[in-house]
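# Structure assessment
Take a look at the letters that make up each chain.
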Amino acid sequence: MKHRLSHMKIKYIYQQLISHISIIVVAFAVLSLMFGQYMESLVYKNKAEELISYGENILNDVSRSYGYGTDELNEYRHVLAGRQIQYHIFNKSSEITFSSGGLITLKLTDEEWNDIKKGVTVIKNQEYRRFDQGVTFVLLPYFQNDKFIGGILLTSPISGSREMISEINRYLFYTVLIALVVSILLSWFLSKFHVNRIKRIQEATSLVAAGDYSVQIPSSNFDEIGELAEDFNKMVEKLNTSNDEIESLENRRRQFMADVSHELRTPLTTISGVIEGIRNDMIPEVEKEKGINLVSKETKRLIRLVNENLDYEKIRSNQVKLFKENIQLFEVLDVIKDQLDILAEDKNNTIIVEVNDDVFIYADYDRLTQIIINITKNSIQFTENGTIWLRGRAEPNEIVIEIEDTGIGMDPAQIQNIWRRFYKADISRTTNPYGEFGLGLSIVQQLVSMHEGHIEVTSREGQGTKFTIHFPYKSKEE
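From a predicted model like this one, the values you see are computed outputs, not experimental measurements.

Moving on, we get to the overall build of the protein. Counting its secondary structure elements, the protein contains 10 helices and 12 strands. The buried share among the 478 residues of the protein stands at 39%. At a minimum sequence separation of 6, the contacts of the protein that also span at least 24 residues come to 64%. Per element, the accessible surface of the protein, about 28600 Å² overall, is 53% carbon and sulfur.

Right, here's the structure in full:
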């Protein structure tokens, strides 16, 4: 039984209704009680003030001497009888000198006598029982020449006051009942409205959990539920983007594994074949040197591949630290030209350096060299019988390096893809021994970003390609 109760669900709309109705009922109960008490007190207060007013008028209008005029007193008796008010005049010895009816002996407490002798008006309100019935009564002292000579007692049955209070309470009950019904209806509609909004989010969440990242729900800044819906839509958009990226990464991973398998198998097969041929004397002496050179070249190719992968992973995981210094740009470009001249001559290319001696760049020497060599090798690979320019210049807020070639170029639509880790713009380029998997340019972009710079590419098919690198300017003093 306990287990079943622990899993019992209460719908949110019922929770809302219960909470709203509970608050409304408690609020109305408290307000009704306070209002009822206030009205009851007000009725008795008005009754007491009425009695005091009549008592003062009687004392003022009747004879100023101690002997009261009977005609005036009888006139007041007839007037007040219609209002169920009786009055009794007494002297300082508590003897009744005139009574409008019903009272023979005055019964006052010592406290009441002391108060009226001091000139204090005594009021007894609500269900104060005296004279064999519940009454409201007022004692007014009478002084003549500052001397206490008696007073007047006015009484009124509480039944009339109770009837008025009952009437007020009845109207109050009807008012509270109507207000409660209206409040419950409003609470129902509001709860239903908000529950429907939450239900839409719940249904959308179920769709997302099932793998549908295209769902969107109405949002607004009206309240927290609207903001929640807006945040939900943003979350779904990010999930959709992440899902696309995951699918793209998975496709690229498969392509990468296929490329690795192919590219590693080819040089390893070549190396294994040459070594087996030399071991079994299947290669003539005159060809052995050529075979050894081939093994050396394929080994270096594998080493470059492994190093590029290691470099990329280090950069991606923030394991690479830069040691920046002010470097003469001409020296860097001239050294790179000397290193790559032989490679360029193999394809009948010419490398030209254009930079002033006074241009300095604030960068990590090894990583700067790696950036320029990667791009320059890429230019050499896709240029034949052409020219490759290595330029550098100082702008007001930056140092600009340009590597431009007259090679085969590429479709401008492919430019944004060349930075992707595994992208190959042309399948024929897989013969490139300097970045078969597109890792070189991906590494270049990462290294430029680490220098707080950026890189741009412009290219047209058959007209060549230009890489423009922007580095933040730093003076020698820095």
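That was the structure; now back to the text.
The α-helix advances 3.6 residues per turn, and as a result positions three or four apart in sequence lie on the same side. Relative to the 24 Å expected for 17 residues at 1.5 Å per residue, helix 9 (residues 365-381) spans 24 Å between its end C-alpha atoms, a close match to the ideal helical length. The element helix 9 is extensively covered by neighbouring structure, given that 15 of its 17 residues are classed as buried. The backbone nitrogen of Asp-366 lies 3.1 Å from a side-chain oxygen of the residue at the head of helix 9, namely Asp-364.

Per the counting criterion, the structure on display carries four aromatic pairs. Considering the side-chain rings of Phe-90 and Trp-113, the 5.8 Å spacing of their centres and the 75 degrees angle between planes classify their relative orientation as edge-to-face. Of this pair, Phe-90 sits in strand 1 (residues 86-91) while Trp-113 sits in helix 4 (residues 110-117); the two residues are 23 residues apart in sequence, bridging distant segments of the chain. These aromatic residues form a ring-pair network of at least three members: Phe-90, Trp-113, Phe-143 and Phe-148.

So, on to the nonpolar core. Core analysis: the biggest nonpolar cluster contains 38 residues, and Ile-361, Leu-368, Ile-375, Ile-401, Ile-469 and Phe-471 have the highest contact counts within it. One finds Ile-58, Tyr-76, Ile-89 and Ile-152 within the second-largest nonpolar core, a separate group that totals 18 residues.

What counts and what doesn't
- Residues numbered from 1 in each chain as written.
- Predicted model: local features only at pLDDT ≥ 70, side-chain atom pairs only at ≥ 80, totals over all residues.
- Heavy atoms only, no water.
- Helix = DSSP H or I, 4+ residues; strand = E, 2+ residues; numbered from the N terminus.
- Buried < 20%, exposed > 50% of the residue type's maximum accessible area, 1.4 Å probe, protein only.
- Contact = heavy atoms within 4.5 Å.
- Areas by Shrake-Rupley, 256 points an atom, 1.4 Å probe, with all protein chains shown as cover.
- Expected span 1.5 Å × (residues − 1).
- Polar contact = N/O pair within 3.5 Å; in protein donor to acceptor, adjacent residues only side chain to side chain.
- Phe/Tyr/Trp six-rings, centres within 6.5 Å; stacked < 30°, edge-to-face > 60°.
- Core = buried A, V, L, I, M, F, W, Y, C linked by side-chain atoms within 4.5 Å.

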